[in-house]
Amino acid sequence: GAVVSQHPSRVICKSGTSVKIECRSLDFQATTMFWYRQFPKKSLMLMATSNEGSKATYEQGVEKDKFLINHASLTLSTLTVTSAHPEDSSFYICSARDQRATNEKLFFGSGTQLSVL
Amino acid sequence: QKEVEQDPGPLSVPEGAIVSLNCTYSNSAFQYFMWYRQYSRKGPELLMYTYSSGNKEDGRFTAQVDKSSKYISLFIRDSQPSDSATYLCAMSVTGANSKLTFGKGITLSVRP
């Protein structure tokens, strides 16, 4: 089946630094990718929809200047957490849609655990 | 009221038991209903996908959707220790590969 690679799987950073998370579709092209955030024992919360070649669409309450999303190619989307703070510590997960498929499932990455000290 | 409510759990059952997991929702526009399995610190994996009301069976798993009651269920027959994971329901208005709204998830433990 299709594979979505997410990197890094875990990152620890100091407060005030920026962290970039990559999401790659390995064997399919993804015009649309989604970025989720998950707190312990909580649901996945959609942060933004990333569209190749255009600006991301952010969900209400998500700061677009804080969480920069770039979808420069059909196989890569990146999420950059800028000036990270401890409250940004969370599990971030991306998912991608195969542009050739209609109404097929999303493929999820394995997630990135971000810990901000 | 949250858009999607899921039984909080956790749930612990003996091996071989039948497991019933449930979600309710408030948005009548949801048409696509999914169940995902998530192991600790991993991305979700799609188990079942149903469009509109009805039942769908896949091996030991059966998904039921009752749109009139805004209620969906996942049944696991002959549960195995390997089924131990967190199960999340998810719903979408426009498609299984579109914006999803997830339930909180329930952690299932199957005891050998």
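Just so it is clear, the model here is predicted, and its values are computed rather than measured.

Rules behind the numbers
- Residues numbered from 1 in each chain as written.
- Chains lettered and ligands numbered in written order.
- Predicted model: local features only at pLDDT ≥ 70, side-chain atom pairs only at ≥ 80, totals over all residues.
- Heavy atoms only, no water.
- Helix = DSSP H or I, 4+ residues; strand = E, 2+ residues; numbered from the N terminus.
- Rg over C-alpha atoms; globule rule 2.2 N^0.38 Å.
- Pairing = 2+ DSSP bridges.
- Axes fitted to C-alpha atoms, helices over the stretch in contact; angles between N-to-C directions.
- Phe/Tyr/Trp six-rings, centres within 6.5 Å; stacked < 30°, edge-to-face > 60°.
- Buried < 20%, exposed > 50% of the residue type's maximum accessible area, 1.4 Å probe, protein only.
- Contact = heavy atoms within 4.5 Å.
- Buried area = accessible area lost by both parts, 1.4 Å probe.
- Salt bridge = Lys/Arg side-chain N within 4 Å of Asp/Glu carboxyl O.
- Polar contact = N/O pair within 3.5 Å; in protein donor to acceptor, adjacent residues only side chain to side chain.
- Core = buried A, V, L, I, M, F, W, Y, C linked by side-chain atoms within 4.5 Å.

1. A word on the overall build of chain B
(1) Moving on: Helix and strand content of chain B: 0 helices and 11 strands.
(2) Moving on: Written out in order from the N terminus, the α and β elements of chain B read β-β-β-β-β-β-β-β-β-β-β.
(3) Moving on: Relative to the 2.2 N^0.38 estimate, which gives 13 Å for 112 residues, the radius of gyration of chain B is 13 Å and therefore close to what a compact globule would have.
(4) Moving on: Taking the principal axes of the C-alpha coordinates as reference, chain B spans close to 40 × 30 × 25 Å.

2. Focus on the sheet that holds strand E3 (residues 19–25) of chain A
All names here are of chain A.
(1) Moving on: Read across the sheet, 4 strands follow the order E1-E3-E8-E7 without closing on themselves; strand pairing throughout is antiparallel. The open sheet is flanked by strand E1 (4–7) and strand E7 (67–73), the only strands paired with a single partner. Direction aside, the axes of adjacent strands within the sheet are offset by 15 degrees on average.
(2) Moving on: Bridging between E7 and strand E8 (residues 76–81) involves 5 bridges; their strand directions are antiparallel. When the sheet's bridge partners are listed, Ser-73 is paired in E8 with Leu-76.

3. So, the pairing of strand E8 (residues 71–76) of chain B
(1) Moving on: Two strands pair when backbone bridges link them, and strand E3 (residues 19–25) of chain B and E8 of chain B are joined in this way by 6 bridges, in the antiparallel orientation. Residue pairing across strands places Asn-22 of chain B opposite Ser-73 of chain B, the latter belonging to E8 of chain B.

4. Re the packing of aromatic side chains
(1) Moving on: Taken as a whole and judged by the stated rule, the model has 11 aromatic pairs over all chains.
(2) Moving on: Note on Tyr-36 of chain A and Phe-102 of chain B: the rings are 5.5 Å apart at their centroids and 90 degrees apart in plane angle, and the pair reads as edge-to-face. Here Tyr-36 of chain A is found in strand E4 (residues 32–38), whereas its partner Phe-102 of chain B is found in strand E10 (residues 101–102) on a different chain.
(3) Moving on: Judged by relative accessible area, which is 0%, Tyr-36 of chain A ranks as buried.
(4) Moving on: Look at Phe-108 of chain A and Tyr-36 of chain B: their rings are 5.3 Å apart centre to centre, the planes differ by 80 degrees, and that puts the pair in the edge-to-face class. Here Phe-108 of chain A is found in strand E10 (residues 107–108), whereas its partner Tyr-36 of chain B is found in strand E4 (residues 32–38) on a different chain.

5. Overview of the interface of chain A and chain B
(1) Moving on: On the side of chain B, 20 residues touch chain A, which itself brings 22 residues to the contact.
(2) Moving on: Between chain A and chain B, a total of about 1,700 Å² is buried, with carbon and sulfur atoms accounting for 51% of that surface.
(3) Moving on: If you look at where chain A meets chain B, you find 1 salt bridge.
(4) Moving on: Residues Glu-59 of chain A and Lys-99 of chain B are paired through a salt bridge, measuring 2.9 Å at the closest nitrogen-oxygen approach.
(5) Moving on: Summed over the shared surface of chain A and chain B, the result is 5 residue pairs in polar contact (both at pLDDT 80 or more).

6. Regarding unusual backbone geometry
(1) Moving on: Of the consecutive residues His-7 of chain A and Pro-8 of chain A, the connecting peptide bond is found in the cis state with omega at 0 degrees.
(2) Moving on: Tracing the backbone shows Pro-8 of chain A in the loop between E1 and strand E2 (10–13).
(3) Moving on: Of the consecutive residues Gly-9 of chain B and Pro-10 of chain B, the connecting peptide bond is found in the cis state with omega at 0 degrees.
(4) Moving on: Tracing the backbone shows Pro-10 of chain B in the loop between strand E1 (4–6) and strand E2 (11–14).
(5) Moving on: Of note, Arg-41 of chain B is a non-glycine position whose phi angle comes to about 60 degrees, a positive value.
(6) Moving on: Here Arg-41 of chain B lies in the loop between E4 and strand E5 (45–51).
(7) Moving on: Positive phi outside glycine occurs at Asp-78 of chain B, with the angle close to 45 degrees.
(8) Moving on: Tracing the chain through its elements places Asp-78 of chain B in the loop between E8 and strand E9 (85–92).

7. Details of the nonpolar core
(1) Moving on: Membership of the largest hydrophobic core comes to 25 residues, with the highest contact counts inside it found for Trp-35, Ile-72, Leu-74, Tyr-87 and Met-91 of chain B.
(2) Moving on: When contributions to this core are tallied by element, the ones reaching two or more residues are E3, E4, E5, strand E7 (61–66), E8, E9 and strand E11 (106–111) of chain B.
(3) Moving on: Met-91 of chain B has contacts with Val-4, Cys-23, Tyr-25, Phe-30, Tyr-32, Phe-33, Met-34, Ile-72, Lys-99, Leu-100 and Thr-101 of chain B, leaving out every residue within four places of it along the chain.
(4) Moving on: Formed by 24 residues, the second largest nonpolar core is a distinct cluster that contains Ile-69, Leu-79, Leu-114 and Val-116 of chain A.

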